[in-house]
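A closer look at the structure
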Amino acid sequence: MITKAKSILLSGSVLGAFAIGGVTLVAVTQGSVGERIADNQYQAMKRKLDTILPAAQVNNDPLQDHIQVSASELLGAESTQVYRARQDQSPVALVLEPVVPDGYAGPIKLLVSVLHDGTLGGVRVVSHHETPGLGDKIEEAKSDWVLDFTGKSLTNPPLEKWGVKRDGGEFDQFTGATITPRSIVNAVRDTLLYVQQQGETLYEPLDVDTTAPASATGGQG
Amino acid sequence: MPNSVISSPHVPRVNRVDRVMLDVLLALIPGILVMTWFFGWGLLINCVLAVTFAVAAETVVMLLRGRSPLIALRDLSAVVTAVLFALSVPPILPWWLTLLGMLFAIILVKQLYGGLGYNPFNPAMAAYVFLLISYPVAMTTWLAPAGLAEHPLSFMESLRLILNGTLPTGFEWDALSSATPLDEMRGKLDLGQTIEQIGQSQTWGWLGGRGWEWVGVAFLLGGVYLLWRRLITWHIPVSMLLGLTATATLFWAIDPHTHPSPIFHLFSGAAMLGAFFIATDPVTACTTKKGQLVFGASIGLIVYVIRSWGGYPDAVAFAVLLMNIAAPTIDYYTQPRVFGHGSART
Amino acid sequence: MSAPQSYGHILSGGVWSNNQMLVALLGLCPLLATTTSATNGLGMGLATTAVIVCSNGTVSLVRNLVRPEIRIPVFVLVIASFVTLVELIMQAFFYDLYQVLGLFISLIVVNCMIIGRAEAFASKNRVDRALLDGLAVGLGATLVLTTLGGLREFVGQGTLFFQADLLLGDWAKAISLSLGDDFHGALIAILPPGAFIGLGLMIALKNLIDQRAKRRQVAAQPASAQPVTAPT
């Protein structure tokens, strides 16, 4: 008959053995596919950026060249990433990740690219909670609405026309939903205003690879 | 009645289901007339279509269940469901949506649970919610009420719109449709306007949105008729309207600039229709008196919450369905104590 | 211990008569959350099957080693390891599908179906039976998930196996079907209520089929057996 202590010890070591076995299994797998996963994540983000950037003109890697800015007033979030696209050190475009705080049902995350001349390279909705069938037409997969932003700027249409048609602006609203498009139009306008305010500073410093090489890939999550 | 002199005891006459349903239909008439006046022929066309589809669906299911369809049809419950549904949906709803709604209401919500008396959810409201979630654009496109409409639809124009989806020549949807008062209120509040600014628009009347306020009054009248005929008791309608009023008053008192008055809430959307005709459905509501008070008040509260912060414009249907599912539990906890016993019978 | 079940019995039980989702109603969280399309359902089903076969096999192998007091933590460890493994592999090879199912893959850990099979079957049976049981149960689950996914997808947006190439490779474009953009789908089917309604209809259909089969069985037998109609 085994004593109590012995029994506990035995159970404990069996449990421990399983834990070690499990962790080893996971660690080995992680080690062998980890690089592939990182590459997948990187490619997915890159594909997203490529759709709203003039890919032909960009020859740096915006995902490696990014800074963190804080402008909750205009960008909606405490801190946002700004990815910088360049061609041989000269600025081409910025990609920002503003958050629309006043969607119909919670915040909406956007991806906005602003070309160096102040026009929009494109807008995409990253995540949202809008009413299915009404507000969710902001998704590129559901409707072309969000593509209308491409090529617009603070002078085209003029600033006072940056609104939905119901408010006398230039942009379409959807049948049955005004609040969602309205808040997105405002957020995109604010993003443009922010970029205009900041001017060239957003493209500095030129060479981030020397300042933050290690953290560059970590920031994409 | 054969006996005109009735001696005591004056036990209330036992109501038969078909008589009750007929009276409910009678009580709906003022509301139907007022809505037709404001929103045109489409409403009546919808009523006819919905009744036809509901009766057909009921017949088919009863035949499939190997029973005589007449038994189910004679109690008129399918007709009441159809009419309540037609009064809740936009008056120019495409016919196939009415068909889908009625199939859903009669087959899935009513007959699959065993028919009248066994359904846990109000069929008309379940169908309304089913369509609202599935086809939100069609279900929220309301016509502008008479007096505000650019072009009131004629009978043939309404018919063509419902059956074919053809707009009258020279008109766009935007010219015919208009936001409901609840929609307009919510939208303009989101824009940062105050209640006073919103109220100055010509779409506002005396109690609520123009046109809509009279629809509410008409259903209130019908409801009073039902109370007078003792087909419903006061518990559910009064507690529901009080629940809505109390919540609305609270927020209105805190800030009358950004919260519409309780009067607006009472005479907008389906509050009156819901209080007297929908929440009182004897099958899906609570049966104990105390339970009915809890049931009604909770509906009123939920209506306010969803209207103010929810994702869809009106809330009566959602609130009623939510409380439908809670009704058995409420009944369980509010059973009257049997005299001489310590606790509720289980 | 009762006599071990035959292979055929294990298989039919896992896939149909004791289907963990339609009969035991286990694993409803992934069932309701991921079945917005046939492809998602199939992906989730395959991931679940992989985990359940591995965990059943492992649990059966170590069943005489593990003392009863610690069996549940051991099961959880085994299952969690395999789920993490599946998650990593999916991230590495089916990244697009992972983005859709991501959150729910890790939730396979708490899928009662898997720990239920480990406890109720694998810990009491030889490894060959345990593996077969895992496969059968996984297959049953995959079937339900794919059917429900297909149903919801078809009613909701008029397509079937839309984007199946994410999971199965380019040849799968041939099996994806679409009714075109003019189809007015009932959005509710893709939303959570649609999952409940769809599942309810599927359970009803299964019960109907079983009832019919039983009635036919009774009818085929001689008259003496007639009073044995099952109470419903």
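Bear in mind that the values here come from a model prediction, so they are computed numbers and not experimental data.

Re the overall build of chain B
Helices and strands together make up the secondary structure of chain B, namely 17 helices and zero strands. Considering only C-alpha atoms, chain B reaches an extent of 65 × 50 × 40 Å along its principal axes. Across the 346 residues that make up chain B, the buried fraction comes to 51%. Summarising the internal contacts of chain B: among those between residues at least 6 apart in sequence, 74% fall at separations of at least 24.

Description of the UniProt feature "transmembrane region" (unreviewed entry) in chain C
Residue and element names in this part refer to chain C. When the UniProt feature table is mapped to this numbering, "transmembrane region" (unreviewed entry) covers residues 21–38, 44–62, 74–94, 100–118, 130–151 and 183–205. Regarding residues 130–151, the helix share stands at 100% and the strand share at 0%, and the terminal C-alpha atoms are separated by 31 Å. With 61% helix and 0% strand, the stretch residues 183–205 has end C-alpha atoms that lie 26 Å from each other.

Some details on a nonpolar patch on the surface
Residue and element names in this part refer to chain C. Where nonpolar side chains cluster on the molecular surface, the patch consists of Leu151, Phe154, Val155, Leu177, Leu179 and Phe183 and spans about 470 Å² of accessible area. Among the elements that take part in the nonpolar patch, helix H7 (residues 127–157) stands out by supplying three residues, more than any other. Within the secondary structure, Leu177 sits in strand S2 (residues 177–178). Its relative accessible area of 40% is what places Leu177 among the partly exposed residues.

What to know about the interface of chain A and chain B
Reports often express the size of an interface as the amount of accessible area lost when the parts come together. With 11 residues of chain A at the contact, the number on the chain B side is 10 residues. Carbon and sulfur atoms supply 62% of the area buried between chain A and chain B, which totals about 890 Å² over both sides. Connecting chain A to chain B are zero salt bridges. A per-class count over the side of chain A that touches chain B returns four nonpolar, four polar and three charged.

Quick word on the packing of aromatic side chains
The geometry of an aromatic ring pair comes down to the distance between the two centres and the angle between the two planes. Residue and element names in this part refer to chain B. Going through the model one piece at a time under the given rule, you end up with 17 aromatic pairs over all chains. Ring geometry for Phe39 versus Trp142: centroids 5.5 Å apart, planes at 65 degrees, classification edge-to-face. Highlighted residues: Phe39 in helix H1 (residues 17–39) and Trp142 in the loop between helix H7 (136–139) and helix H8 (155–164), separated in sequence by 103 residues. For the pair Phe39 and Trp142, a shared accessibility class is recorded, and that class is buried.

Remarks on the environment of B:Gln197
Residues and elements named next belong to chain B. Mapping Gln197 onto the fold places it in helix H11 (residues 195–199). Look at Gln197 and you get partly exposed, because its relative accessible area is 45%. C-alpha of Gln197 to C-alpha of His257: the two residues are 60 residues apart in sequence and 9.2 Å apart in space.

Thoughts on the packing of helix H4 (residues 71–93) of chain C against helix H6 (residues 112–120) of chain C
Helix packing geometry: the angle between the two helix axes and the distance between the axes. Residues and elements named next belong to chain C. Here H4 crosses H6 at 130 degrees, and the two axes come no closer than 10 Å. The pairing of H4 with H6 is recorded here as oblique in orientation. Seen from above, H4 lies across H6 with right-handed handedness. Across the interface between the two elements, Arg71, Ile72, Phe75, Val76 and Ile79 of H4 pack against Ile114, Ile115, Ala118 and Glu119 of H6. A breakdown of the residues in the contact of H4 with H6 according to their chemical character gives seven nonpolar, no polar and two charged.

Side note on helix H6 (residues 123–134) of chain B
All names here are of chain B. The end-to-end C-alpha distance of H6, which contains 12 residues, comes to 16 Å, matching closely the 16 Å that a straight helix rising 1.5 Å per residue would cover. The element H6 is largely enclosed, with a buried count of 12 among its 12 residues. Among the residues of H6, Pro123, Ala124, Met125, Ala126, Ala127, Tyr128, Val129, Phe130, Leu131, Leu132, Ile133 and Ser134 are the ones counted as buried. Residues of H6 that are buried sit in contact with helix H4 (77–88), helix H5 (95–110), H7, helix H15 (271–278) and helix H17 (316–333). Sitting at the amino-terminal end of H6 is Asn122, which places a side-chain oxygen 3.0 Å from the backbone nitrogen of Ala124.

Focus on empty space enclosed by the protein
Residues and elements named next belong to chain B. Following the criterion strictly, the structure yields two cavities of 30 Å³ or more and no others. Of the voids in this model, the largest cavity is the one considered here, and its volume is about 320 Å³. Lining the largest cavity we find 27 residues, and of these Ser88, Trp142, Gly269, Ala270 and Asp314 sit closest to its centre. Counting residues per element, the ones that place at least two in the lining of the largest cavity are H4, H6, helix H12 (212–228), H15 and H17. With four residues, the top contributor of residues to the lining of the largest cavity is H12. Tallied by class, the residues present in the lining of the largest cavity amount to 20 nonpolar, six polar and one charged. Split by domain, the lining of the largest cavity shows at least three residues from each of two domains, domain 1 (13–178) and domain 2 (179–334). Empty space within the second largest cavity amounts to approximately 60 Å³.

Some remarks on the pairing of strand S5 (residues 108–115) of chain A
Residue and element names in this part refer to chain A. Among the eight residues of S5, six are classified as buried, and the element is accordingly described as predominantly covered. As paired elements, strand S4 (residues 99–100) and S5 share two bridges and run antiparallel to each other. Looking at the pairing, Val99 lines up with Lys109 of S5. With six bridges connecting them, S5 and strand S6 (residues 120–127) associate as antiparallel partners.

Brief notes about the UniProt feature "modified residue: FMN phosphoryl threonine" (unreviewed entry) in chain B
Residue and element names in this part refer to chain B. Mapped onto this numbering, the UniProt entry gives "modified residue: FMN phosphoryl threonine" (unreviewed entry) at Thr180. Within the secondary structure layout, Thr180 lies in the loop between helix H9 (173–176) and helix H10 (181–190). Using a relative accessible area of 11% as the deciding quantity, one classes Thr180 as buried. Beyond its immediate stretch of four places on either side in the chain, Thr180 contacts Trp142 and Trp212.

Describing the domain arrangement of chain B
All names here are of chain B. What the domain assignment reports for chain B is domain 1 (13–178) and domain 2 (179–334). Each of domain 1 and domain 2 was reduced to a C-alpha centroid, and the two centroids are 21 Å apart. Counting each side, the surface lost to burial between domain 1 and domain 2 is near 3000 Å², with a carbon and sulfur contribution of 76%. Looking only at domain 1, the three residues that lose the most surface to domain 2 are Asn122, Met125 and Leu148, adding up to 17% of its buried area. Taken together, the connections running from domain 1 to domain 2 amount to one salt bridge. The salt bridge involving Arg229 is made with Asp23; its shortest N-O contact spans 2.8 Å. For the pair domain 1 and domain 2, the number of links is four residue pairs in polar contact (both at pLDDT 80 or more). Every element with two or more residues in the side of domain 1 that touches domain 2 is listed here: H1, H4 and H6. The biggest single contributor to the side of domain 1 that touches domain 2 is H1, with 13 residues.

What counts as what
- Residues numbered from 1 in each chain as written.
- Chains lettered and ligands numbered in written order.
- Predicted model: local features only at pLDDT ≥ 70, side-chain atom pairs only at ≥ 80, totals over all residues.
- Heavy atoms only, no water.
- Helix = DSSP H or I, 4+ residues; strand = E, 2+ residues; numbered from the N terminus.
- Buried < 20%, exposed > 50% of the residue type's maximum accessible area, 1.4 Å probe, protein only.
- Contact = heavy atoms within 4.5 Å.
- UniProt positions renumbered as here; feature names shortened; annotations may be inferred.
- Patch = residues over 30% accessible without salt bridge, like charges linked within 9 Å, V, L, I, M, F, W, Y side chains within 5 Å.
- Areas by Shrake-Rupley, 256 points an atom, 1.4 Å probe, with all protein chains shown as cover.
- Salt bridge = Lys/Arg side-chain N within 4 Å of Asp/Glu carboxyl O.
- Buried area = accessible area lost by both parts, 1.4 Å probe.
- Nonpolar A, V, L, I, M, F, W, Y, C, P; charged D, E, K, R; others polar.
- Phe/Tyr/Trp six-rings, centres within 6.5 Å; stacked < 30°, edge-to-face > 60°.
- Axes fitted to C-alpha atoms, helices over the stretch in contact; angles between N-to-C directions.
- Parallel < 35°, antiparallel > 145°, perpendicular 65-115°, else oblique.
- Left-handed = near helix turned anticlockwise from the far one by under 90°.
- Expected span 1.5 Å × (residues − 1).
- Polar contact = N/O pair within 3.5 Å; in protein donor to acceptor, adjacent residues only side chain to side chain.
- 1 Å grid on protein atoms, 1.4 Å probe; cavity = no way out; pocket = protein on both sides within 12 Å on 5 of 7 lines; lining within 4 Å.
- Points joined across faces, edges and corners; volume = space filled by probe spheres on them.
- Domains from an automatic or database assignment.
- Pairing = 2+ DSSP bridges.

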